[in-house]
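The chain contents come next:
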Amino acid sequence: MSAIGSEVVSALGLDEAEAEPVIGGRVNKVWRAYRDGVPVALRQSPSFRLLPEVAYECELLATLVDTGAPVAAVVAGPTSVNGSVWVAFDWVRGAHPEVPVADPASYGRLLAELHEHTAKQLDQLGQRPGWGRLDEFLTLPRPGGGSTMAEVLPDFERAFGRAGAWLRRQAEEVAARLSAASIASYPQVIAHGDFAPGQVLFREDQVGAVVDWDFAHLDLRLADLAIAASMARPTVARAASFVRGYLDVAGTDLGDLDLLADLRCAFHLNNLGNHLCARWANGADITAQVATITERLERDQWFGPTLVAAAKEAAGLTSSRAVAAPVTRQSSDLELAQELADRAAVVARHYFERGVTTETKDDASPVTEADRAVERLLRHALAELRPDDGILGEELGAQVTGTRTWILDPIDGTGAFARGNPNWRIQIALDIDGELSVAVVDAPALGVRWWASAGSGTYERRTGEPTRRLRVSETAALDGALVAPHPAPVVNRLPAGTLRPAPTPLPLVELVRGEIDAFFVDCCHPWDHAPWILLIREAGGSFTDHRGGSSPDHHGGLYSNRRIHQALLAALQPPLTPGPS
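So, here's what we can say about the structure. Computed from a predicted structure; not experimentally measured.

### Looking at the overall build of the chain
Thought 1: Of regular secondary structure, the chain possesses 15 helices and 21 strands.
Thought 2: Taken over 581 residues, the chain has a buried fraction of 56%.
Thought 3: In the chain, of all internal contacts separated by at least 6 residues, the share reaching a separation of at least 24 is 63%.
Thought 4: Summing over all exposed atoms, the chain offers an accessible surface of approximately 24,000 Å²; the carbon and sulfur share of this is 50%.

So, in structure tokens, the structure goes:
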């Protein structure tokens, strides 16, 4: 027997009490049942989905069916049974689409058409758009208790420490930005609902039915453009294709595009934080849910900025790099690393332009929400495109699974990033069996990228300029050689006769360009060194770590132009490598 129970069978006029579960989403569950011998899609919603809200959704679905929109007709309900709200829809055979969908542009056009249908019915059903609530969501009463999120969050922070502080900071930041924006500046591609892969049934690659059209929750009309474009993720090119399809129908008046990311964040804060705060205010134990909300909110941060970039590209407001063929599992490791850097740059620039605040990690180094968002983006892409590879990242640790490991520094130079200084970088390297094979370092705020693959040389590309191959210097004598030290005290170990170059944000850039001759460093982590070891080597230089090997794991070592390498190793005090026994 199914868990739906005889009461549901009776209330919805089902044939029998057996049902086949179809999907179990974050909120709703869908079952396949029978009514008068015909299959129906049975939706079960939890108790916080109030019956009047669901009834409004069903009424709106009925008006859409009358206009010919491809949505599932309601055949029974809604009704409340045993704490859940139940609705039976027409059954549409099909499978849930994988993300991304095969044709993002077609999906975008379909969504815009559904929005047009919905917009025509809003006045008829007496539902206002509800823009005002976006900039008031901190001060609106929470369901079930009357407390506002602003009133609850301080206690929430005290109870849940870092997770609570993060949620409070996010809520206040989003509220401030939305309050400062005028209603006129909101995107004109407005939200009339929210559906995602788990809520759509496909038939022959076409949308056949919408089994859950979430219209009435808190009377919010958030950016469906941001929600549904997840069907086209994760690349900017695919998301842009989706938006272009949408614009074919909806027009190009998108208003303030940067608000899309805030709308997406507000959507999650309302749908998740709202109910947690309400339950907390009423004494419920929500420890497990706090962990879930924090993980989900942080995980989703990267996508809003990606969509903003896609929308600008689709609307012709900015020109980006030429759209190449999509990166797949069959693409080369270098192609993948370049694509990873492209995706990361979009998100990092978004945070850099709007500003961030720093926290201090256990090792006293700074970190921001941008560091974590960029690393999550990179890990998400690698899970899709290189699912068997391991990952070592600065912020989220090691997940080593075999002989291939991607080494990630989401933002190298976090201090500069937080101060608005453009001298920060995204650093990506691939280690195969202990040998570095691919390296990409991107400086989005400076418009410069460096890359190398084993045996193929080192290259630099500046925005608007042709790519050029880099070579280290030809200096062959220690006397007069330009050697940069880091940190400052290691200068005392350098031999007499060598000179110090003018300080720069990253001497390795000058070394790989041939502008200085060596860099001696005694600090930092594998993700700081891994890409530069390969970049220097492929430009004709050498690297030796503090144990005499070539690993990025030993706090740096000596980088040089190769011609002075052995002499400099021997002249260091003490020598970097031991002498012969």
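### Digging into helix α1 (residues 5-12)
Thought 1: Those residues of α1 that fall on the buried side of the exposure criterion are G5, V8, V9 and L12. Taken down its axis, α1 places every buried residue within 100° of arc, on the same side. With respect to the buried face of α1, the exposed residues turned more than 90 degrees away are S6 and S10.
Thought 2: If you follow the buried residues of α1, they end up packed against β2 (29-35), β3 (38-45), β4 (74-81) and β5 (84-90).
Thought 3: G13 lies just past α1 and shows a positive phi near 70°.

### Structural notes on the pairing of strand β21 (residues 556-560)
Thought 1: By the criterion of burial, β21 is predominantly enclosed, with 5 of the 5 residues buried.
Thought 2: As judged from the 5 bridges shared by strand β19 (residues 518-522) and β21, these two strands associate in the antiparallel manner. Its bridge partner being in β21, V521 is matched across the sheet by G557.
Thought 3: Pairing of strand β20 (residues 542-545) with β21, which is carried by 4 bridges, proceeds in the antiparallel orientation. Bridge pairing in β21 links T544 to L558.

### Considering the sheet that holds strand β13 (residues 425-432)
Thought 1: The strand order across the open sheet built from 8 strands is β11-β10-β12-β13-β14-β15-β16-β17, with neighbouring strands paired in mixed fashion. Across the chains shown, the open sheet's two edge strands, defined by having one partner strand only, are β11 (397-399) and β17 (468-470). Direction aside, the axes of adjacent strands within the sheet are offset by 20° on average.
Thought 2: Bridge count between strand β14 (residues 435-443) and strand β15 (residues 448-453): 6 bridges; the pairing is antiparallel.

### Structural notes on the sheet that holds β21
Thought 1: The strand order across the open sheet formed by 4 strands is β18-β19-β21-β20, and the pairing between neighbours is mixed. The two strands at the open ends of the sheet, each matched to only one other strand, are β18 (483-486) and β20. Averaged over all neighbouring strand pairs, the angle between strand axes comes to 10°, with direction disregarded.
Thought 2: The strands touched by helix α14 (residues 526-538) within the sheet are β19, β20 and β21, with β21 carrying the most contacts at an inclination of about 25°.

### Comments concerning the state of the cysteines
Thought 1: Applying the stated criterion to the full structure yields 1 disulfide.
Thought 2: The side chain of C523 participates in a disulfide bridge whose partner is C524; the two sulfur atoms lie 2.3 Å from each other. Disulfide C523-C524: the torsion about the S-S bond is -50°, which places it as left-handed.

### Brief notes about the pattern of salt bridges
Thought 1: Across all of its chains, the model carries 20 salt bridges by this definition.
Thought 2: Between E339 and R343 there is a salt bridge, with the nearest N and O atoms lying 3.0 Å from each other. Of this pair, E339 and R343 both sit in helix α10 (residues 333-354), 4 residues apart, which is roughly one turn of the helix.
Thought 3: Residue classification places R343 among the buried positions, given a relative accessible area of 5%.
Thought 4: A salt bridge links R449 to D342, with the nearest nitrogen and oxygen atoms 2.8 Å apart. Highlighted residues: R449 in strand β15 and D342 in helix α10, separated in sequence by 107 residues. In this pair, the class of R449 matches that of D342, namely buried.
Thought 5: Connected via shared salt-bridge partners are D333, R386, D389 and R404.

### So, the pairing of β5
Thought 1: In terms of burial, β5 is a largely internal element, 6 of the 7 residues being buried.
Thought 2: Two strands pair when backbone bridges link them, and β3 and β5 are joined in this way by 6 bridges, in the antiparallel orientation. When the bridges of β5 are listed, Q44 appears paired with W86.
Thought 3: With 5 bridges joining them, β4 and β5 adopt antiparallel strand pairing. The partner of V81 across the bridge, within β5, is S84.
Thought 4: A loop of 2 residues connects β4 with β5, the two strands running antiparallel in sequence, and N82 in this loop sits at a positive phi of about 50°.

### Focus on the packing of helix α9 (residues 303-314) against α10
Thought 1: It is the contact of α9 with α10, at a shortest axis distance of 8 Å, that shows an interaxial angle of 100°. It follows that α9 is roughly perpendicular to α10 by the angle criterion. Residue-level contacts link P305, T306 and A309 of α9 to V346, V347 and H350 of α10.
Thought 2: Broken down by class, the residue content of the contact of α9 with α10 amounts to 4 nonpolar, 2 polar and no charged.

### Comments concerning the side chain of T498
Thought 1: In this fold, T498 is placed in the loop between β18 and α13 (507-512).
Thought 2: At 2.8 Å, the side chain of T498 and the backbone oxygen of P495 are in polar contact.
Thought 3: Within polar-contact distance, the side chain of T498 engages the side chain of R500 at 3.0 Å.
Thought 4: Excluding residues that lie within four positions of it along the chain, T498 makes contacts with L478, G480, A481 and V483.

### Some details on helix α11 (residues 369-385)
Thought 1: With 17 residues, α11 should cover 24 Å at 1.5 Å per step; its first-to-last C-alpha distance of 24 Å lies within 8% of that length.
Thought 2: Most of α11 is tucked away: 14 of the 17 residues are buried.
Thought 3: If you check the start of α11, you find a side-chain oxygen 3.1 Å away from the backbone N of A370, and it comes from T368.

Analysis parameters
Counting starts from 1 at the beginning of each chain's written sequence and moves along it residue by residue. Residue-level local features of this predicted model are given only where pLDDT is at least 70; pairs of side-chain atoms are given and counted only at 80 or more, and the full residue set underlies all totals for whole chains, interfaces and linings. Side-chain figures throughout are based on the complete set of non-hydrogen atoms in the structure, without hydrogens or water. Secondary structure elements follow DSSP: runs of H or I of four or more residues count as helices, runs of E of two or more count as strands, with numbering from the N terminus. Here the term buried applies to any residue with accessible area under 20% of the maximum for its type, exposed to any over 50%, and partly exposed to those in between, with areas from a 1.4 Å probe on protein chains only. Any two residues having at least one pair of non-hydrogen atoms within 4.5 Å are treated as being in contact. In this description, accessible areas are obtained by the Shrake-Rupley approach with a 1.4 Å probe, and a residue is regarded as covered only by the protein chains that are shown. Read the arc as the range of directions from the helix axis to the C-beta atoms. When DSSP locates at least two bridges between a pair of strands, those strands are taken to pair. A fitted line through C-alpha atoms represents every axis, and for helices the fit uses only the stretch in contact; the resulting angles, taken between N-to-C directions, go from 0 to 180 degrees. Two cysteine sulfurs form a disulfide in these notes if their separation is within 2.5 Å. Salt bridges, as used here, are contacts in which a Lys or Arg side-chain nitrogen is within 4 Å of a carboxyl oxygen on Asp or Glu. Throughout, the term roughly parallel applies to angles under 35 degrees, roughly antiparallel to angles over 145, roughly perpendicular to angles from 65 to 115, and oblique to all others. Side-chain classes are defined by residue name, with Ala, Val, Leu, Ile, Met, Phe, Trp, Tyr, Cys and Pro counting as nonpolar, Asp, Glu, Lys and Arg as charged, and the others, Gly among them, as polar. Polar contacts, as counted here, are pairs of nitrogen or oxygen atoms within 3.5 Å of one another; within protein the pair requires one atom able to donate a hydrogen and one able to accept it, and residues that are adjacent in sequence qualify only if both atoms are side-chain atoms. To estimate the expected span of a helix, count its residues, drop one, and scale the result by 1.5 Å.

Shape descriptors only; they carry no functional weight alone.
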